[in-house]
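# An overview of the molecular structure
One-letter residues, chain by chain:
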Amino acid sequence: MTVHLVGAGPGDPELISVRGARLLASADVVVHDRLARPLLPLAAPGAEIVDVGKSPGSAPVPQSEINRILVEAGRRYACVVRLKGGDPLVFGRGAEEAAALAAAGVPFDVVPGISSVLAAPAAAGVPVTVRGTSRSFTVLTGHEDPELIPLAWWEALVTLGGTIVVLMGASNIAGIADRLCSAGMPAATPVAAVHAATTPAQHVHRSTLDRIGAIPVPSPATIVIGDVAAIDLRSVPGV
Ligand SMILES: C[S@@+](CC[C@H](N)C(=O)[O-])C[C@H]1O[C@@H](n2cnc3c(N)ncnc32)[C@H](O)[C@@H]1O
């Protein structure tokens, strides 16, 4: 009678937590997103699998319907896993699902996952902080139209300094880069766009702020902007 909101990690099935894998192997029902599909072989053979993920070109399952499925499954089964890409509470609408379960009186808990915020830069050999280079990192959604966000907000971001990590920004990267340039970020600022991190399809596109918009970056991608994006620890001798 518990719904476990489990972070699946960024894609590589070895990057789910031990607790997440144990719950997945014992769940009666697994309700999963598209980016969590590589983890499904870890589910018990008899488990009911419910795919609520968005596929390119297909209509997404409304969030209200996902909430309803979770509440119903939580009332009927002993162990329900809601498997979400990365961490369930990072741009994943996990908070809305938790609120729906709480409102319905269905017990739930949250099993954190390795977010693509950290996994994608790491897989590309990019450290998000480096002493003397970047003392902070800021995580943004790239889903909103960058033109509709006031320039003062972009200027505040540039003034803050540090590394910028953009999720859901593949299709808006040209606009995001334009806004950052308009806000005073140097055109030569390094950018690393990491596609499908930790999966066999992983690809890293390296560029600069004034050029990244011309490079087609397929989704899913995590985009790292800042001086650290020029680093590739994988090519440093001895590392
Ligand atoms: C709806 S958000 C969910 C984020 C997720 N909760 C997390 O913590 O990673 C989906 C976005 O995460 C990023 N993402 C997820 N998996 C990724 C991967 N394997 N490689 C690069 N970026 C990924 C992309 O920016 C994608 O558009």
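Structure: above.
Summarised in this report is the structure supplied together with it. In this text the structure is predicted, and so the values were computed from the model without any measurement.

### Focus on the overall build of the chain
Helices and strands together make up the secondary structure of the chain, namely 6 helices and 10 strands. Projected onto the principal axes, the alpha-carbon positions of the chain cover approximately 55 × 45 × 35 Å. Counting only residues that meet the buried cut, the chain has 47% of its 239 residues in that class. Taking the contacts inside the chain whose residues are at least 6 apart along the sequence as the reference set, 69% of them involve residues at least 24 apart. Carbon and sulfur atoms make up 59% of the accessible area of the chain, which amounts to about 11500 Å² in all. Computed over 17 positive and 20 negative side-chain charges, the inter-centroid distance for the chain is 3 Å.

### Here we look at the packing of aromatic side chains
A full pass over the atoms with the stated rule returns 1 aromatic pair. Arranged with centres 5.0 Å apart and planes meeting at 90°, the rings of tryptophan 153 and tryptophan 154 form a pair that is edge-to-face. According to the relative accessible area criterion, tryptophan 154 is buried, its value standing at 2%.

### A look at the packing of helix H2 (residues 63-76) against helix H3 (residues 94-103)
Two elements in contact, H2 and H3, have axes whose closest approach is 9 Å; the angle formed by their N-to-C orientations is 50°. Here H3 runs oblique to H2, going by the angle between their axes. In the crossing of H2 with H3, the sense of the turn from one axis to the other is right-handed. In this structure, H2 uses Gln63, Ile66, Asn67, Leu70 and Val71 to contact H3, whose residues at the interface are Glu96, Glu97, Ala100 and Leu101. Among the residues making up the contact of H2 with H3, the classes are represented as 5 nonpolar, 2 polar and 2 charged.

### A short note on the sheet that holds strand E3 (residues 48-51)
Within the open sheet, the 5 strands sit side by side as E3-E2-E4-E1-E5. Their pairing is parallel. The two strands at the open ends of the sheet, each matched to only one other strand, are E3 and strand E5 (108-111). Here the strands of the sheet are splayed against their neighbours by 20° on average, with no regard to which way each runs. Each of strand E1 (2-7), strand E2 (29-32), strand E4 (79-84) and E5 is contacted by helix H1 (residues 18-26), which is oriented at about 125° to E4, the strand it contacts most. Lying over the sheet, H2 contacts E1, E2, E3 and E4, oriented at roughly 155° with respect to E4.

### Focus: the site of the ligand
Taken together, the neighbourhood of the ligand is formed by 17 residues, with Val90, Ser115, Ser116, Met168 and Ala221 sitting nearest. The contact in question runs from a nitrogen atom of the ligand to an N or O atom on the backbone of valine 90, over 2.7 Å. A distance of 2.8 Å separates a nitrogen atom of the ligand from a polar side-chain atom of threonine 222. For the ligand, whose accessible area on its own is 570 Å², the fraction buried by protein is 89%. The cavity that encloses the ligand is the largest pocket. The class makeup of the residues in the shell around the ligand is 11 nonpolar, 5 polar and 1 charged. Shared between two domains, the shell around the ligand takes at least three residues from each, and those domains are domain 1 (2-114) and domain 2 (117-235).

### Remarks on the nonpolar core
Ranked by size, the top nonpolar core spans 21 residues in total, and within it Trp154, Ile164, Leu180 and Ile225 carry the most contacts. Listed by contribution, the elements that provide at least two residues to this core are helix H5 (151-160), strand E7 (163-167), helix H6 (173-182), strand E8 (190-195) and strand E10 (221-225). Take this core: its biggest share by element is 4 residues, from H6. The contacts of isoleucine 164, once residues within four sequence positions are left out, are Thr138, Leu140, Leu157, Leu180, Met185, Ile223, Val224 and Ile225. Ranked by size, the runner-up nonpolar core spans 15 residues in total, among them Val3, Val71, Ala73 and Val80.

### With respect to helix H4 (residues 116-123)
Taken together, the buried positions of H4 are Val117, Ala119, Ala120, Pro121 and Ala123. At its buried positions, H4 is contacted by strand E6 (137-141), E7, E8 and E10. For H4, the capping residue at the N-terminal end is serine 115, with a side-chain oxygen 3.1 Å from the backbone nitrogen of valine 117. Note on H4: the residue one or two positions beyond its end, glycine 125, has a positive phi of about 80°.

### Observations regarding the pairing of E8
Within E8, 6 of the 6 residues are buried, which leaves it mostly tucked inside the rest of the structure. Of the two faces of E8, both are covered, the one formed by Pro190, Ala192 and Val194 as well as the one formed by Val191, Ala193 and His195. Across 6 bridges, E8 lies against strand E9 (residues 203-208) in antiparallel orientation. Bridging across to E9, histidine 195 finds its partner in histidine 203.

What counts, and where the lines are drawn
- Residues numbered from 1 in each chain as written.
- Predicted model: local features only at pLDDT ≥ 70, side-chain atom pairs only at ≥ 80, totals over all residues.
- Heavy atoms only, no water.
- Helix = DSSP H or I, 4+ residues; strand = E, 2+ residues; numbered from the N terminus.
- Buried < 20%, exposed > 50% of the residue type's maximum accessible area, 1.4 Å probe, protein only.
- Contact = heavy atoms within 4.5 Å.
- Areas by Shrake-Rupley, 256 points an atom, 1.4 Å probe, with all protein chains shown as cover.
- Lys, Arg positive; Asp, Glu negative; His and termini not counted.
- Charge placed at Lys NZ, Arg CZ, Asp CG, Glu CD.
- Phe/Tyr/Trp six-rings, centres within 6.5 Å; stacked < 30°, edge-to-face > 60°.
- Axes fitted to C-alpha atoms, helices over the stretch in contact; angles between N-to-C directions.
- Parallel < 35°, antiparallel > 145°, perpendicular 65-115°, else oblique.
- Left-handed = near helix turned anticlockwise from the far one by under 90°.
- Nonpolar A, V, L, I, M, F, W, Y, C, P; charged D, E, K, R; others polar.
- Pairing = 2+ DSSP bridges.
- Near = heavy atom within 4 Å.
- Polar contact = N/O pair within 3.5 Å; in protein donor to acceptor, adjacent residues only side chain to side chain.
- 1 Å grid on protein atoms, 1.4 Å probe; cavity = no way out; pocket = protein on both sides within 12 Å on 5 of 7 lines; lining within 4 Å.
- Sits in = over half its atoms within 2 Å of the grid points.
- Domains from an automatic or database assignment.
- Core = buried A, V, L, I, M, F, W, Y, C linked by side-chain atoms within 4.5 Å.

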